Amino acid sequence: MDKNKSVHKRIILYITALLGILLVGVIVVSIFFFQGRLKETKKLLATAEYQTYEKYYVMITENKDTDYWKSIYEGALEEGKRSGVYVELMGNNIEDEISKEDMIRIAINSNVDGIIIEADDSYRTINLLREATEVYGIPVITVSEDNIESHRKSYIGVSGYNLGKEYGDLICQCIREKKYNHCDVMVLIDQELSNGNQSMISTAIREKVEEEGLSKLVKIDNKVVSSDKEYAAEEEIRDIFLSQSNIPDIIVCLSEKNTLCVYQTVVDYNKVGEVEIFGYYTSPLIESAIEKKVIRSTIVADTAQMGKYSVSALNEYLESGFVSEIYLIDTSLVGEDDISSDSEEGGQDDDVEDQ
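Below is a short write-up of the structure. Computed from a predicted model, the values in this text were never measured in an experiment. Throughout, a residue's number is its position along its own chain's written sequence, starting from 1. Side-chain atom pairs in this predicted model are given and counted only at pLDDT of 80 or more, local residue features only at pLDDT of at least 70, and totals for whole chains, interfaces and linings cover all residues. Processing note: side-chain calculations cover all non-hydrogen atoms of the structure and skip hydrogens and water entirely.

This paragraph deals with the pairing of strand β8 (residues 250–253). Every regular strand shows the same layout, with side chains that alternate between the two sheet faces. Relative accessibility under 20% of the residue-type maximum defines a buried residue, over 50% an exposed one, and the middle range a partly exposed one, all with a 1.4 Å probe and only protein chains included. Each helix is a run of H or I in the DSSP string that is no shorter than four residues. Each strand is a run of E no shorter than two, and both are numbered from the N terminus. Of the two faces of β8, the one lined by Ile250 and Val252 and the one lined by Ile251 and Cys253 are each fully buried. Pairing between strands is defined by DSSP: at least two bridges between the two strands are required. Bridge count between strand β6 (residues 183–190) and β8: four bridges; the pairing is parallel. Counterpart to Val187 in the pairing with β8 is Val252. Classification remark: right-handed applies to a crossover when, strands pointing away from the viewer, the course from the first strand over the helix to the second runs clockwise. After leaving β8, the chain enters helix α8 (residues 256–268) and then returns to the sheet as strand β9 (residues 276–280), a path that is right-handed.

Turning our eyes to something else, we now look at the side chain of Lys64. Of note, Lys64 is situated in the loop between β1 (55–60) and α2 (67–82). Excluding its chain neighbours within four sequence positions, the residues that come into contact with Lys64 are Trp69, Lys70, Leu89, Met90, Gly91, Asn92 and Glu97. By definition, residues are in contact when any of their heavy atoms lie within 4.5 Å.

Counting 71 residues, the largest nonpolar core has Tyr167, Leu188, Ile205 and Val252 as the members making the most contacts within it. It is helix α5 (residues 160–178) that provides the largest number of residues to this core, a total of seven residues. If sequence neighbours within four positions are ignored, Val252 has contacts with Tyr167, Ile171, Val185, Met186, Val187, Leu188, Ile205 and Phe278. Ranked by size, the runner-up nonpolar core spans 15 residues in total, among them Ile60, Ile104, Ala107 and Ile115. The set of buried Ala, Val, Leu, Ile, Met, Phe, Trp, Tyr and Cys residues whose side-chain atoms join them within 4.5 Å is what this entry labels a nonpolar core.

Here we take up the pattern of salt bridges. Pairing is possible between side chains that carry opposite charge, provided their charged atoms lie close to one another. Should a side-chain nitrogen of Lys or Arg be within 4 Å of a carboxyl oxygen of Asp or Glu, the pair is scored as a salt bridge. Under the definition given, this model contains 16 salt bridges. Here Glu211 ties to Lys165 by a salt bridge, and the two come within 2.5 Å at their closest N and O atoms. Taken as a pair, Glu211 in helix α6 (residues 195–211) and Lys165 in helix α5 lie far apart in primary sequence, 46 residues in all. Close ionic contact of Glu212 with Lys208 constitutes a salt bridge, the shortest N to O distance being 3.4 Å. Under the relative-accessibility criterion, Glu212 is labelled partly exposed at 28%. Judged by relative accessible area, which is 16%, Lys208 ranks as buried. One continuous salt-bridge network, built from bridges that share partners, spans Glu177, Lys178, Glu276 and Arg296.

To continue, consider the packing of aromatic side chains. Within a pair of aromatic rings, the relevant descriptors are the distance that separates the centres and the angle that separates the planes. Any two rings among Phe, Tyr and Trp, with Trp reduced to its six-membered ring, count as a pair given centres within 6.5 Å; such a pair is stacked if its planes are under 30 degrees apart, edge-to-face if over 60, and tilted if neither. On inspection of all chains with the given rule, the structure shows seven aromatic pairs. Taking 5.0 Å as the distance between ring centres and 85° as the angle between the ring planes, the aromatic pair formed by Tyr68 and Tyr281 counts as edge-to-face. Of the two residues, Tyr68 sits in helix α2 while Tyr281 sits in the loop between β9 and α9 (284–291), which places them 213 residues apart along the sequence. With respect to class, Tyr68 is no different from Tyr281; both count as buried. Joined through ring pairs, the aromatic side chains of Tyr68, Trp69, Tyr280 and Tyr281 make up one cluster.

Before going further, it helps to spend a moment on α8. Over its 13 residues, α8 runs 19 Å from end to end, which matches the ideal 18 Å to within 8%, given 1.5 Å per residue. Buried residues of α8: Glu256, Asn258, Thr259, Cys261, Val262, Tyr263, Thr265 and Val266, and no others. Where α8 terminates, the next one or two residues include Asn270, which has phi positive at roughly 55°. Helix span is expected to be 1.5 Å times the residue number reduced by one.

With mixed pairing, the six strands of this open sheet are ordered in space as β7-β6-β8-β9-β10-β12. One side of each edge strand has no neighbouring strand; the edge strands of this open sheet are β7 (218–225) and β12 (331–335). Each strand axis lies, on average, 15° off the axis of its neighbour in the sheet, ignoring direction. Taken together, the eight bridges between β6 and β7 define a ladder with parallel strand orientation. Residue Asp190 lies in a different strand from β7, and its bridge partner there is Val225. Every axis in this analysis is a line fitted to C-alpha atoms, fitted for helices over the stretch in contact. Angles between the N-to-C directions lie between 0 and 180 degrees. Against the sheet, α8 makes contact with β6, β7, β8 and β9, and its axis sits at roughly 155° relative to β9, the strand it touches most.

Okay, here's the thing in structure tokens:
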């Protein structure tokens, strides 16, 4: 009898253990099932979130990797999120280089709601933008560089004339400070950008120098720097220091890229202090060069404002059919005193450099 009770207890124990194992198995399977459903739900939510965007705009530039254009895009992205618009920086996640013309064609074929682009003087670019606007009804906004022939709806950027006046004023201040008997000024014209805007800058510089009564002391030359091949700008800027018997006393750069190229070349050829550099835009490297007195100063456009206005202009046009032809962006001057005051306020820059 006792033996039968013992067997009975063992059977109950085995059954209990088996039920426990089954219960654990059910719990584990349930967990995996729940996680799977959670992932599916997240995908559905992400898709639903993507589909809430009312419009799709693309931003096109061949300088997407510069701090200048990254900042413009961030401003556009922020305004896009605020107004229910998805803004894509074309080619941002593609390793291979895509030409501007190809990016415009992709945008047209994708039937985007609007194109935000850094204009140039290329015949193909102008024709493709006209096609986008006139054939497919896609509004075009030019940013930073303009071209009226593209039939764009609006231009967002800095006034070339006002910018030239600012550079002219800086040049005159430098001439008086250093007491030049004669001063050679070179303005670097970026071949990739719109010649019209850059020519206006150069004209305004000359006007300012004449207004200040210094035209007899100053010789101003424009140097076109090509950018159709990799490292072409660097090579041509280096040639200025290699092939010219008279290296310019002052070099004016109209792009972030050329500012950095001139800075590096002046350092490499040990011309620091001999050549005054006036740059365009700012970045940690440009700020460091100003602090080291390699770059005298730089003019900074409000790039975030530029990006924001580009999205706002497209929104306004699509909603009303009208938009202002030009939105002018604020600029500021950054020199050694500005960099020093920023470092003092932050309180960490010196420590970082020492490390």
